[in-house]
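Spelled out from the first residue to the last, the chains are:
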Amino acid sequence: MTISAGLPFKLLNQDILLLPQRAIYWQQEKALIVADVHLGKVGHFRKAGIAVPRDMEQDDLAVLSDLVAEHHPEKIIFLGDFFHSDMNADWEWVRLWRQQFPQLHILLIKGNHDIIDERHYSKLNILIYNEFIIGPFLMLHHPLTGAELQKAKGYVFCGHIHPGISLVGRGRQALTLPCFAFGSGQAILPSFGKFTGRVAIRNSKTDKIFAVAKDKVIAID
């Protein structure tokens, strides 16, 4: 297990850790917050005849297990797209993983890819919400824009767009890293799943951007 302290960040008098595993640990609530795991995506592609390594999903679940062992959360909040598309054989990995942590309170904010019957989640004691308010935060899947954000019932935590930040080196080498993007009323988390892409986002001067390197989180000025 890799121990990582994370980068401390204060938000609305709450103490959160931005983790290099592309997750957040919220200390006051003893909660892990994770976006866009996309479990089942490997099985979805393989079922379509596209060759993808079989162990990618087990790797993501192993990282989740390491985070639980390291931070001892009481709950995990998944910000949508937990399981990718239709039911497939990869669900068995989810079921086995859940059996390891029966004490964890697990909430899933339903994303556009979370289309399997909710009875499957119920059997694993995973609660489904369209949105969830906890403390000063509103947990969503899709980011809000414009008037929607102005009317939000709390500071928004969300995912969906798999944000990245483009960095250019001295030799003009370009690299896009996953990132946490904190605006005045909304934070967009990077995708947790390894089998996902990322989109370079445009940020305003008021945004706080934190790039995720291999084993650390870096504040971008």
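Residues numbered from 1 in each chain as written. Predicted model: local features only at pLDDT ≥ 70, side-chain atom pairs only at ≥ 80, totals over all residues. Heavy atoms only, no water.

Digging into helix H3 (residues 91–100)
Within H3, the full set of buried residues consists of Trp-91, Val-94, Trp-97 and Arg-98. The arc that holds every buried residue of H3, seen down its axis, measures 115°, which confines them to one face. (Buried < 20%, exposed > 50% of the residue type's maximum accessible area, 1.4 Å probe, protein only. Helix = DSSP H or I, 4+ residues; strand = E, 2+ residues; numbered from the N terminus. Arc of directions from axis to C-beta.)

Here we look at the sheet that holds strand S1 (residues 7–11)
Across the sheet, 7 strands lie side by side as S1-S2-S3-S4-S5-S6-S7; this open sheet has mixed pairing. The two strands at the open ends of the sheet, each matched to only one other strand, are S1 and strand S7 (126–129). Across the sheet, the mean angle separating the axes of adjacent strands is 25° when strand polarity is ignored. Here strand S6 (residues 105–109) runs beside S7; their pairing, made up of 4 bridges, is parallel. (Pairing = 2+ DSSP bridges. Axes fitted to C-alpha atoms, helices over the stretch in contact; angles between N-to-C directions.)

Things to note about the packing of aromatic side chains
Scanning the model with the defined rule gives 13 aromatic pairs in all. Taking 5.4 Å as the distance between ring centres and 55° as the angle between the ring planes, the aromatic pair formed by Trp-97 and Phe-101 counts as tilted. The buried category is assigned to Trp-97, whose relative accessible area is 3%. Geometrically, the ring pair formed by Phe-137 and Phe-157 is tilted, given 4.6 Å between the ring centres and 55° between the ring planes. With Phe-137 in strand S9 (residues 137–139) and Phe-157 in strand S10 (residues 155–158), this pair connects stretches of sequence that are 20 residues apart. Comparing Phe-137 with Phe-157, the two get one shared label, buried. Among the aromatic residues, ring-to-ring pairing joins Phe-78, Phe-82, Phe-83, Trp-91 and Tyr-121 into one connected group. (Phe/Tyr/Trp six-rings, centres within 6.5 Å; stacked < 30°, edge-to-face > 60°.)

Brief notes about the side chain of Ser-65
Position of Ser-65 relative to the elements: it lies in helix H2 (residues 56–71). The class of Ser-65 is buried, set by a relative accessible area of 16%. Residue contacts for Ser-65: discarding those within four places in its chain leaves Trp-97, Gln-100 and Phe-101. (Contact = heavy atoms within 4.5 Å.)

Digging into the nonpolar core
Val-34, Ile-76, Phe-78, Phe-82, Phe-83 and Tyr-121 are the most contacted members of the largest nonpolar core, which totals 28 residues. For this core, the elements supplying multiple residues, two or more each, are strand S2 (14–19), strand S3 (23–26), strand S4 (31–34), H2, strand S5 (75–78), H3 and S6. (Core = buried A, V, L, I, M, F, W, Y, C linked by side-chain atoms within 4.5 Å.)

Comments concerning the confidence of the model for the chain
Residues at a pLDDT of 70 or more form 83% of the chain, whose mean pLDDT is 87. Within the model, pLDDT remains below 50 along residues 48–52, and this stretch shows 5 contacts once partners closer than five positions in the same chain are excluded. (pLDDT = per-residue confidence, 0-100.)

Topic: the side chain of Gln-186
With respect to the helices, strands and loops of the structure, Gln-186 is situated in strand S13 (residues 186–188). Residue classification places Gln-186 among the buried residues on the basis of a relative accessible area of 9%. Polar side-chain contacts of Gln-186 include one of 2.6 Å to the backbone nitrogen of Leu-144. Ignoring sequence-local partners within four residues, the contact set of Gln-186 consists of Pro-143, Leu-144, Leu-149, Tyr-155, Val-156, Cys-158 and Ala-181. (Polar contact = N/O pair within 3.5 Å; in protein donor to acceptor, adjacent residues only side chain to side chain.)

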